[in-house]
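Spelled out, the chains give:
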Amino acid sequence: MTAKTQNPGGLPPFELALEEHGPLVYSWLIARVGPDRADDVFQETMLSALGVWEKAAVESVRAWLFTIARNKAVDDDRRASRRPLLQEETDSWPSAEAVEWLEDPVWDEVRGLPEKQRIAVTLRYRGDLSHREVGSAMKISEAAARRNVHEGLKTLRERIGDE
Amino acid sequence: MSEIEKKLGRTPKTDWDVLRQGLLDRAEAEELIDLAYERHDSPFGTLLVIAGDGGIVRISLAAEPEEEVLAGLTRRISPRIARLGRDEITLAREQLDSYFAGSLRNFDLPLDWRLTKGFRRDVLVQTAAIPYGATASYSEVAGRAGSPKAVRAAGTALATNPLPIVVPCHRVLRSDGEAGSYLGGSEMKEALLEMERERA
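Since the model is a prediction, treat every value here as computed from it, not as a measurement. (Residues numbered from 1 in each chain as written. Chains lettered and ligands numbered in written order. Predicted model: local features only at pLDDT ≥ 70, side-chain atom pairs only at ≥ 80, totals over all residues. Heavy atoms only, no water.)

Colleague: Which parts of the structure should I look at to understand the layout of surface pockets?
Modeller: Any space left empty among the atoms is revealed by the rolling of a water-sized probe across them. Residues and elements named next belong to chain B. Of the voids in this model, the largest pocket is the one considered here, and its volume is about 390 Å³. Along its surface, the largest pocket is lined by 17 residues, and R58, R76, L115, T160 and P162 are the ones closest to its centre. At five residues, the largest contribution of residues to the lining of the largest pocket is made by helix α3 (residues 66-76). Domain assignment of the residues forming the lining of the largest pocket places at least three in each of domain 1 (15-100) and domain 2 (118-199). (1 Å grid on protein atoms, 1.4 Å probe; cavity = no way out; pocket = protein on both sides within 12 Å on 5 of 7 lines; lining within 4 Å. Points joined across faces, edges and corners; volume = space filled by probe spheres on them. Helix = DSSP H or I, 4+ residues; strand = E, 2+ residues; numbered from the N terminus. Domains from an automatic or database assignment.)

Colleague: I'm lost on the pairing of strand β3 (residues 55-60) of chain B in this one. Help?
Modeller: Remember that side chains alternate between the two faces of the sheet whenever the strand is regular. Judged by how many residues are buried, β3(B) sits mostly within the fold: six of six residues are covered. Between strand β2 (residues 45-52) of chain B and the antiparallel strand that follows it, β3(B), lie two residues. (Buried < 20%, exposed > 50% of the residue type's maximum accessible area, 1.4 Å probe, protein only. Pairing = 2+ DSSP bridges.)

Colleague: In this structure, what is going on with a negative patch on the surface? I would like to understand it.
Modeller: Together, B:E178, B:E187, B:E190, B:E194 and B:E198 make up a negatively charged patch on the protein surface. Among the secondary structure elements, B:E178 is positioned in the loop between β6 (172-173) and α8 (186-199). (Patch = residues over 30% accessible without salt bridge, like charges linked within 9 Å, V, L, I, M, F, W, Y side chains within 5 Å. Areas by Shrake-Rupley, 256 points an atom, 1.4 Å probe, with all protein chains shown as cover. Salt bridge = Lys/Arg side-chain N within 4 Å of Asp/Glu carboxyl O. Lys, Arg positive; Asp, Glu negative; His and termini not counted. Charge placed at Lys NZ, Arg CZ, Asp CG, Glu CD.)

Colleague: What is the right way to look at the nonpolar core in this model?
Modeller: Buried together is how nonpolar side chains tend to be arranged in soluble globular proteins. A:F14, A:L29, A:F42, A:W53, B:L8, B:Y99 and B:I165 are the most contacted members of the largest nonpolar core, which has 92 residues in total. In terms of residue count, helix α1 (residues 14-33) of chain A provides more of this core than any other element does, ten residues in total. Composition of this core by domain shows at least three residues from each of domain 1 (15-100) and domain 2 (118-199) of chain B. Within the second largest apolar cluster, eleven residues are counted, among which are B:L48, B:I50, B:V57 and B:L115. (Core = buried A, V, L, I, M, F, W, Y, C linked by side-chain atoms within 4.5 Å.)

Colleague: Please clarify how the pattern of salt bridges should be interpreted in this entry.
Modeller: Where charged atoms of side chains with opposite charge meet at close range, the side chains can pair. Using the criterion set out here, one finds 20 salt bridges over all chains in the structure. Its salt-bridge partner being A:R37, residue A:D76 comes within 2.5 Å of it at the nearest N-O pair. Of this pair, A:D76 sits in helix α3 (residues 61-81) while A:R37 sits in helix α2 (residues 35-51), placing them 39 residues apart in sequence. Each of the two residues, A:D76 as well as A:R37, counts as buried. What emerges from the salt-bridge pattern is a single network uniting A:E15, A:E19, B:R20 and B:R83.

Colleague: What exactly am I supposed to notice about a positive patch on the surface here?
Modeller: All names here are of chain B. The grouping of R75, R76, K117 and R120 at the surface amounts to a positive patch. Within the secondary structure, R75 sits in helix α3. Using a relative accessible area of 58% as the deciding quantity, one classes R75 as exposed.

Colleague: Is there a simple way to think about the packing of aromatic side chains in this case?
Modeller: Each pair of aromatic rings is reported with the distance of its centres and the angle of its planes. All names here are of chain A. Inspection of the entire model under this criterion finds eight aromatic pairs over all chains. Centroid distance F14 to W53: 5.1 Å. Interplanar angle 85°. Geometry classified as edge-to-face. Here F14, found in helix α1, pairs with W53, found in the loop between α2 and α3; they are 39 residues apart in sequence, far enough to count as distant. Residues F14 and W53 agree in their burial class; the two are buried. Measuring from centroid to centroid gives 5.8 Å for W28 and F66, while their planes differ by 70°, and the two rings are edge-to-face. Taken together, the residues span a long stretch of sequence, with W28 in helix α1 and F66 in helix α3 at a distance of 38 residues. (Phe/Tyr/Trp six-rings, centres within 6.5 Å; stacked < 30°, edge-to-face > 60°.)

Structure (structure tokens):
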């Protein structure tokens, strides 16, 4: 065994991160790419993270995983757009089948939000990220993330009312 | 929290175990996992059986919280740890079951000693040579490892044994014949010694 630390990035054991963040990342991918593609994109995301696990130095493991997931989803969109039969999936976000899969009609309304609000609200509530982590995953400031979530919620309230 | 926020926060149900296993199968195929482990129910609570490249590298007793064991392995070996099966873990679990049932006297497993070195490793190697049903004192073990006066250091080596049960630190007793401390509790130590005495 070498004397120097084996884990300069200070990341937690992969197992603990997988159990703590994996289901949230997966849920977000369900909303983002639809249930048919979510399994594969999720595995690509976690394998990609695992490949640099002992080297990565990140502030928030969860936000880092969401950033990778978003990039993998974009990669997958590009592949999907080369598959003619699936072209329509890339036009909507989340896809129609994903919305159907999500159990509450409120997600139909989320789908109709402007892009940044839609992503911020989904990360905040489907992925359970803090505003700071939402900002980190979207590469915007914490304040901008908070504003997008707030605006998104306001729009949802106007459209469906809040008892 | 508003009603809309509650609705938004409801997490969907996924077949997480299937997804997780598929991911870990791929990770194993790509050799991305350095340490694999499984939980093993025993008469003394849940043990963790952990394997590295060279064989079984660590066995933890029920008294050690899983998160702490994983954190220690992360510091000392690698953070690429996942809960999944491997052949040597299955073999170790079968032998542990047989040992606890009283039908196995000597473990025959590939062991990875990298979590211990120097005098501490020498002490543990000597401890591994104590036969089933026999015992030795801390000073005897220290002497066999080459330093009869290093009784305290021998005690530390045994208290930090990464492979308890398989490397039978429970067979090392105080010079006055008292069992002495054990990471799994003195009751577990006494119980193991009594089981071995009866069957030796």
